[in-house]
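Structural characterization, general
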Amino acid sequence: TSIRGWVETLRTLDDPTDENYRKGLEIINNETGRLYNMVEELLDFSRLQNGRLRMECRPLDLVAELTDAVLFCEARIQREGLILSYTEPEEMIPVYADPDRLRQVFINILDNAIKYSAPGGRITVKLWAGEYKAFVEILDQGRGIPPEDLENVKTKFYKGSNAVRGSGIGLAVCDEIITRHGGTFEIGNADGGGALVTITLPIPPHTEH
């Protein structure tokens, strides 16, 4: 609707220097990107359901993968007037995973944290290793998830009562990807308000060569 509306507006503007001309092109560009992402999510979910989504797993450093995703989102976090809290662990954490799919999960969760936060809010990202698994926590200070939505929030196409725009399948895809990696994906509310996502991934046993 937004794209069509602005295309109609641009048709009536003869002057490319008109402020609405630049604004319209920017909105069309942003909305096209969002539409592209939604279609990709739908296709991913379809492939997951049909067992056709291939995982290309290999040994990775989880610290490097999470840090890359955080850096990718950092400029947007700052632009939205939010505060990022992330201390990169000094030692690597080995996992066996698909780097593209991990990145997709981390960026999706960070994107949600940004969307549901108000300016001045803090987004906290934590990563640590236990004996057999690695833990990732992403916490925001946004509006959180209403209790009636919590049990359904990972269900495909479910949109919570306070949901902002999106396909309603992002979290379902994230859940499925992490499950396929032998991990767990939990979403709930933090004690001080805001949403808390906790991801675990298995740490492969160390083998001597």
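It should be noted that the structure appears before, not after, this text.
Each value, and the rule that gives it
Residues numbered from 1 in each chain as written. Predicted model: local features only at pLDDT ≥ 70, side-chain atom pairs only at ≥ 80, totals over all residues. Heavy atoms only, no water. Core = buried A, V, L, I, M, F, W, Y, C linked by side-chain atoms within 4.5 Å. Buried < 20%, exposed > 50% of the residue type's maximum accessible area, 1.4 Å probe, protein only. Helix = DSSP H or I, 4+ residues; strand = E, 2+ residues; numbered from the N terminus. Contact = heavy atoms within 4.5 Å. Phe/Tyr/Trp six-rings, centres within 6.5 Å; stacked < 30°, edge-to-face > 60°. Lys NZ or Arg CZ within 6 Å of the ring centre and 35° of its normal. Pairing = 2+ DSSP bridges. Axes fitted to C-alpha atoms, helices over the stretch in contact; angles between N-to-C directions. Salt bridge = Lys/Arg side-chain N within 4 Å of Asp/Glu carboxyl O.

Thoughts on the nonpolar core
Core analysis: the largest hydrophobic core is formed by 40 residues, its most contacted members being Leu-62, Val-105, Phe-106, Ile-123, Phe-185 and Ile-199. Ranked by residue count, the leading element in this core is helix H4 (residues 99-115), at 8 residues. Among all residues touching Leu-62, those that are not within four sequence positions of it are Ile-93, Val-95, Leu-102, Phe-106, Leu-127, Ala-134, Val-136 and Leu-201.

Notes on the packing of aromatic side chains
The description of an aromatic ring pair rests on the distance of the ring centres and on the angle between the ring planes. Applying the stated criterion across every chain, the model contains 1 aromatic pair. When the centroid spacing of 5.2 Å and the interplanar angle of 5° are considered together, the rings of Trp-128 and Phe-135 count as stacked. Of note, Arg-103 hangs over the ring of Phe-72, and the distance from its end group to the ring centre comes to 4.8 Å.

With respect to the sheet that holds strand E7 (residues 195-202)
Overall, mixed pairing links the 5 strands, which are arranged E2-E4-E5-E7-E6 in an open sheet. Only two strands of the sheet have a single partner each, and these edge strands are strand E2 (83-86) and strand E6 (184-189). Strand-to-strand twist in this sheet, taken as the mean axis angle between neighbours without regard to direction, amounts to 10°. With 7 bridges connecting them, strand E5 (residues 133-139) and E7 associate as antiparallel partners. Note on E7: the bridge partner recorded for Ala-134 is Leu-201. Relative to E2, helix H3 (residues 62-79) is tilted by about 170°, and along the sheet it contacts E2, strand E4 (122-129), E5 and E7.

What about the pattern of salt bridges?
On inspection of all chains with the given rule, the structure shows 4 salt bridges. Between Glu-26 and Arg-22 there is a salt bridge whose closest N-O contact spans 3.0 Å. Highlighted residues: Glu-26 and Arg-22, both in helix H2 (residues 19-49), separated by 4 residues, approximately one helical turn. Taking the relative accessible area as the measure of exposure, Glu-26 reaches 44% and is therefore partly exposed. Where Lys-115 meets Asp-111, a salt bridge forms, and the shortest distance between an N and an O atom there is 3.7 Å.

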